[in-house]
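If you want the building blocks of each chain, they are given just below.
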Amino acid sequence: MADQHSVDRGADVSPAALALRWEEPPEGPVLVILDQTRLPAEEVELVCTDVPVLVEAIRSLAVRGAPLLGIAGAYGVALAALRGFDVDEAAESLAHARPTAVNLGYGVRRAAAAYHAAAKSGADAEEAAAAALAEARALHREDAEASERMAEHGLALLDELLPAGGYRILTHCNTGALVSGGGGTALAVAAAVHRAGQLRRLWVDETRPLLQGARLTAYEAARAGMAYTLLTDNAAGSLFAAGEVDAVLIGADRIAADGSVANKVGSYPLAVLARYHHVPFVVVAPTTTLDLATADGASIEVEQRPGHEVTDITVPYAPAAGAHAGTGIPVAPLGTQAYNPAFDVTPPELVTAIVTEAGAVSPVTADGIAELCARSRSGNGMMSI
């Protein structure tokens, strides 16, 4: 089940904080998540006591963002183990809650592997569950550290590409503290630029159809005191034409072995615009988002969202995880079919660089991606571009 309660945070508290956390009250362990479907109107937390509720929270986007989904998946496995549920069944359910973000399956597999390794070595059920929890906590820490390193590498890359400073950055969807265990991915780089006094303007795409730029990125930018402006997705072209964009920074839900990038729908048109206008198009994502098992962009499964998100104007705030938002006010004729992919895929030749916690790769090639993954596994630091 899931309980919900409002949370009062001062303006100086990062929204990360607490996008997700593990708690152990007397009645048993729980996973507490900030319900992102309720932002920015209100900050409400969901208290998940079992895996089915967490799965629904993932599907309803109460918890979202590739790195954070991996963390949530790992904690979900630990939650099932500590509460005495079938771990393999829980892992299967969690891993398939959303298809495109590779981090979700990664986090689930990591915690489940820790559980089974402990059990195989003779640990009892409680000890094996504790091993799963320790692995989830380790992943949480690693992601927070990765956010810091991505911000450093991204800032260094922008300084190299655009030495004049005073950046006007365009971003798409939400890639900040709400998507990770730390400061985020692309928005963490923008935040580092802001702290360095070099952010002239953050252009925030509203990001159809779920308005995660308008609802979430603007929310984070406002709290951080960034100079930001919200725009409709189809207004981005006029900004490029007017010379008002110095760089595009986006995140990713999956990066294939050839460097193809799956990100929130609307990213590919931005890449085309950026190439035409000679503007750097930079993807920021942890190495856990690199998927060498997926050969190319055509092999990435793209999640399809419900048609009513396009045909109806809806209030995005569901009353609780597990409750479905109403269809709202129709803006299209009854029976209209809608094409509503959650993501699109940008080919590697349109990507200036991919920035990870292990460094940046440019140009983006299959060999570069493979080398970056190898460096990440061996812990050998940054791959220079």
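Numbering of residues starts from 1 in every chain and runs along the sequence as written. Reporting of local features is limited, given that this is a predicted model, to residues whose pLDDT is at least 70; pairs of side-chain atoms are given and counted only at 80 or more, and all residues count toward the totals for whole chains, interfaces and linings. Water and hydrogen atoms were dropped before computing side-chain values, which therefore reflect all heavy atoms in the structure.

The next point concerns a negative patch on the surface. Surface patches are defined over residues having more than 30% relative accessible area and no salt bridge, joining like charges when they lie within 9 Å and nonpolar side chains (Val, Leu, Ile, Met, Phe, Trp, Tyr) when within 5 Å. In this description, accessible areas are obtained by the Shrake-Rupley approach with a 1.4 Å probe, and a residue is regarded as covered only by the protein chains that are shown. What counts as a salt bridge is simple: a side-chain nitrogen of Lys or Arg found within 4 Å of a carboxyl oxygen of Asp or Glu. Two residue types count as positive, namely Lys and Arg, and two as negative, namely Asp and Glu; His and chain ends fall outside the count. For charged residues, the charge sits on one atom: NZ in Lys, CZ in Arg, CG in Asp, CD in Glu. A surface patch of negative charge is lined by Asp-86, Asp-88, Glu-89 and Glu-92. Of note, Asp-88 is situated in helix 3 (residues 87–95). Residue burial is assigned from relative accessible area. The probe radius is 1.4 Å, only protein chains are included, and a residue is buried under 20% of its type maximum, exposed over 50%, and partly exposed in between. The class for Asp-88 is partly exposed, based on a relative accessible area of 46%. Under the DSSP-based scheme used, a helix requires at least four consecutive residues in state H or I and a strand at least two consecutive residues in state E, with every element numbered from the N terminus.

Mapped onto the fold, Ala-374 is located in helix 11 (residues 366–378). Placed 16 residues apart in sequence, Ala-374 and Ala-358 show a C-alpha to C-alpha distance of 9.8 Å.

UniProt positions are given in the numbering used here, feature names are shortened, and annotations may be inferred rather than shown by experiment. UniProt tags Arg-64, Gly-65, Ala-66, Arg-98, Gln-212, Asn-263 and Lys-264 as "binding site: substrate" (unreviewed entry). For Gly-65, a relative accessible area of 11% puts it in the buried group. Tracing the sequence through the fold places Lys-264 in strand 10 (residues 261–264). Between two residues, a contact is recorded if the distance between any of their heavy atoms is within 4.5 Å. Leaving out residues up to four positions away in the same chain, Lys-264 has contacts with His-172, Cys-173, Thr-207, Arg-208, Pro-209, Leu-210, Gln-212, Ala-342, Phe-343 and Asp-344.

The subject of this paragraph is the sheet that holds strand 15 (residues 343–346). If DSSP finds at least two bridges between two strands, the strands pair. The strand order across the open sheet formed by four strands is 12-9-10-15, and the pairing between neighbours is mixed. Two strands close off the open sheet at either side, each with one partner strand: strand 12 (290–291) and strand 15. Taken together, the two bridges between strand 9 (residues 254–256) and strand 12 define a ladder with parallel strand orientation. The residue bridging Ala-256 from the neighbouring strand is Asp-291, located in strand 12.

Generally speaking, soluble globular proteins have nonpolar side chains that are buried together. Residues grouped as a nonpolar core are buried Ala, Val, Leu, Ile, Met, Phe, Trp, Tyr and Cys residues, joined through side-chain atoms within 4.5 Å. If you look at the biggest cluster of nonpolar residues, it comprises 45 residues, and the most contacted ones within it are Leu-20 and Ile-33. Breaking this core down by element, the ones donating at least two residues are strand 2 (20–23), strand 3 (30–34), strand 4 (44–48), helix 1 (51–59), helix 2 (66–82), helix 3, helix 4 (102–120) and helix 5 (125–161). The element contributing the most residues to this core is helix 2, with 12 residues.

Turning our eyes to something else, we now look at the pattern of salt bridges. Tallied over the full model, the rule gives 15 salt bridges. One salt bridge in this structure joins Arg-305 and Glu-309, with 2.9 Å as the shortest N-O distance. Overall, the relative accessible area of 15% leaves Arg-305 in the buried class. What emerges from the salt-bridge pattern is a single network uniting Arg-98, Glu-303, Arg-305 and Glu-309.

Turning next to helix 7 (residues 212–224). For helix 7, spanning 13 residues, the distance from its first C-alpha to its last is 17 Å, which sits close to the expected 18 Å at 1.5 Å a residue. Throughout, the bend at a residue refers to the angle made by two axes, fitted to the seven residues ending there and to the seven starting there. Its maximal kink placed at Ala-218, helix 7 deviates by approximately 30°. When helix 7 is considered as a whole, its buried residues turn out to be Gln-212, Gly-213, Arg-215, Leu-216, Thr-217, Ala-218, Tyr-219, Glu-220 and Ala-221. On its buried face, helix 7 is in contact with strand 5 (167–171), helix 6 (186–195), strand 6 (199–205), strand 7 (228–231) and strand 10. Trailing helix 7 by a residue or two, Gly-225 shows a phi angle of about 75°, which is positive. Multiplying 1.5 Å by the helix residue count minus one yields the expected span of that helix.

As a further point, take helix 3. Residues of helix 3 that are buried include every one of Val-87, Ala-90, Ala-91 and Leu-94, and no others. Projected down its long axis, helix 3 carries its buried residues within an arc of 100°, all on one side. Those residues of helix 3 that are buried lie in contact with helix 1, helix 2 and helix 4. Residues adjacent in sequence count toward polar contacts only when both atoms are side-chain atoms; beyond that, a polar contact is any pair of N or O atoms within 3.5 Å, and within protein one must be able to donate a hydrogen and the other to accept it. Where helix 3 starts, the residue carrying a side-chain oxygen 3.0 Å from the main-chain nitrogen of Asp-88 turns out to be Asp-86. The reported arc concerns the directions from the helix axis to the C-beta atoms and nothing else.

The next point concerns the sheet that holds strand 7. If you trace the seven strands from one edge of the open sheet to the other, you get 7-6-5-8-11-16-17, paired in mixed fashion. Each edge of the open sheet is held by one strand with a lone partner, namely strand 7 and strand 17 (359–361). The mean inter-strand angle of the sheet, taken between neighbouring strand axes irrespective of direction, is 25°. Pairing of strand 8 (residues 247–250) with strand 11 (residues 281–284) involves three bridges; the strand directions are parallel. In the sheet register, Val-248 faces strand 11, and the bridge partner there is Phe-281. As a rule, the C-alpha atoms of each element are fitted with a line to give its axis, helices using only the stretch in contact, and angles between N-to-C directions run from 0 to 180 degrees.

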